[in-house]
Amino acid sequence: MKKPYNKVVSMEEAMEHFFDGMTIMFGGFGGVGSPPGLITSILEKGIKNITLIGNDTGFPDIGIGQLIKNKRVKKVIASHIGSNPIAGELMSNGQMEVEFSPQGILAERMRAGGVGLEGIVTEIGADNEYLSEGKETITIGQKKCVIETALNAQVSILYAKKADEFGNLIYDKSARNTNPIVAMAGEWTIVEAEEIVPFGSICAEEIITPGVFVDMVVPSKGVNWTWAWEKK
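Residues numbered from 1 in each chain as written. Predicted model: local features only at pLDDT ≥ 70, side-chain atom pairs only at ≥ 80, totals over all residues. Heavy atoms only, no water.

**So, helix 5 (residues 103–115)**
Quick reminder: α-helices carry 3.6 residues per turn. Residues three or four places apart thus point the same way. Which entries qualify depends on this criterion: Strands are runs of DSSP state E lasting at least 2 residues, helices are runs of H or I lasting at least 4, and numbering of each runs from the N terminus. An expected span of 1.5 Å times one less than the residue number is assigned to each helix. A simple rule labels every residue: compare its accessible area, found with a 1.4 Å probe on the protein chains alone, to the largest value its type can have, and call it buried under 20%, exposed over 50%, or partly exposed in between.
Under the 1.5 Å per step criterion, the end-to-end length of helix 5 is 19 Å for 13 residues, consistent within 8% with the ideal 18 Å. Within the span of helix 5, buried status applies to I105, L106, A107, R109, M110, A112 and G113. Of the residues one or two after helix 5, G116 is the one with positive phi, at around 85°.

**A closer look at a nonpolar patch on the surface**
Where we set the bar: Here a patch means residues that are over 30% exposed by relative accessible area and free of salt bridges, tied together within 9 Å if like-charged and within 5 Å if nonpolar (Val, Leu, Ile, Met, Phe, Trp, Tyr). Using a 1.4 Å probe, accessible areas were evaluated by the Shrake-Rupley method; residue-level cover was limited to the displayed protein chains. Salt bridges are defined by distance alone: a side-chain nitrogen of Lys or Arg within 4 Å of a carboxyl oxygen of Asp or Glu.
There is a patch of nonpolar side chains on the surface, built from V121, I138 and I140 and spanning about 240 Å² of accessible area. Topologically, I138 is positioned in strand 6 (residues 137–140). By relative accessible area, I138 is classed as partly exposed at 33%.

**Looking at helix 2 (residues 36–45)**
A large share of helix 2 lies buried, amounting to seven of its 10 residues. Residues of helix 2 that are buried include every one of P36, G37, L38, I39, S41, I42 and L43, and no others. Looking one or two residues past helix 2, G46 carries a phi angle of roughly 80°, positive in sign.

**Here we look at the environment of T189**
We apply this condition: Residue contacts follow a heavy-atom distance rule, with two residues in contact if any of their heavy atoms lie within 4.5 Å. By the criterion applied in these results, polar contacts are pairs of N or O atoms within 3.5 Å in which, for protein atoms, one can donate a hydrogen and the other can accept it, and in which residues neighboring in sequence qualify only through two side-chain atoms.
Tracing the backbone through its elements, the reader meets T189 in strand 10 (residues 186–197). The buried category is assigned to T189, whose relative accessible area is 0%. Separated by 164 residues in the primary sequence, T189 and M25 have C-alpha atoms spaced 9.2 Å apart. When sequence neighbours within four positions are dropped, the list of residues in contact with T189 reads S156, L158, V182, A183, F213, V214, D215 and M216. A polar side-chain atom of T189 sits 3.3 Å from the main-chain carbonyl oxygen of F213.

**Notes on the pattern of salt bridges**
Here the structure, examined in full by the defined rule, presents 11 salt bridges. As a salt-bridge pair, K161 and E194 come within 3.2 Å of each other at their nearest N and O atoms. Within this pair, whereas K161 is found in strand 8 (residues 153–164), its partner E194 is found in strand 10, the two being separated by 33 residues in sequence. Assessed through its relative accessible area of 32%, K161 is described here as partly exposed.

**Comments concerning the sheet that holds strand 6**
Within a sheet, adjacent strands bond to each other through the backbone by hydrogen bonds, running parallel or antiparallel. Defined as follows: If DSSP finds at least two bridges between two strands, the strands pair. Between N-to-C directions, angles cover 0 to 180 degrees, with each direction set by a line fitted to C-alpha atoms, over the stretch in contact for helices.
Pairing in this open sheet of three strands is antiparallel, and the strands run 5-7-6 from one edge to the other. Here the strands that pair on one side only, and so sit at the sheet edges, are strand 5 (119–122) and strand 6. For this sheet, the mean inter-axis angle between neighbouring strands, taken without regard to orientation, is 35°. As defined by bridge partners, strand 5 adjoins strand 7 (residues 143–149) across four bridges and the pair is classed as antiparallel. In the strand pairing of strand 7, G119 is matched with T149. This element, helix 5, spans strand 5 and strand 7 of the sheet and lies at about 145° to strand 5.

Okay, here's the thing in structure tokens:
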């Protein structure tokens, strides 16, 4: 009988939570910390009209950028798209909507979604017509501030160096990036893990994301793309 705390599932079972028109939040920075197997499986399942929330749009053949390259995405909420020229082309010709959010503000909007807040208040962007367009503003003291709404997703996807069966996670150095806050902000959080160990095998002091935020863990077959800096 499967242990009640065992969240390890097959990729096929995890894919049951993905559907057309959904919102996906993803961890990673330029692909580092993004889940390669989950991204490939989303492509193979043919999911389309996706709203993506994450730091950036990766590269055309690296990370989440593959979904954009294959025109599966209708909207992106990110801090930048510069490493993926296809994202810029789709935005310019009206095929994909892009909402830019300063990197720190984007992270705090994710965190707000993860802890149940409706949004955050910040002076950043209050004096910028593009960043403040359509948003509520208030004055605190003598500072004009913008109300930035919290961000949530139907599914959050992330990549971990190590997971135990309950979903307690450790990340590999800078691959940690936005993964901990992305894990908090999904209705369902699905982790692709490089190594899966028995429950209780990870020292409590080493855990970065507690398993309470994780719903499913799938085993990874490793990174299936060549990094931009490795290409000759």
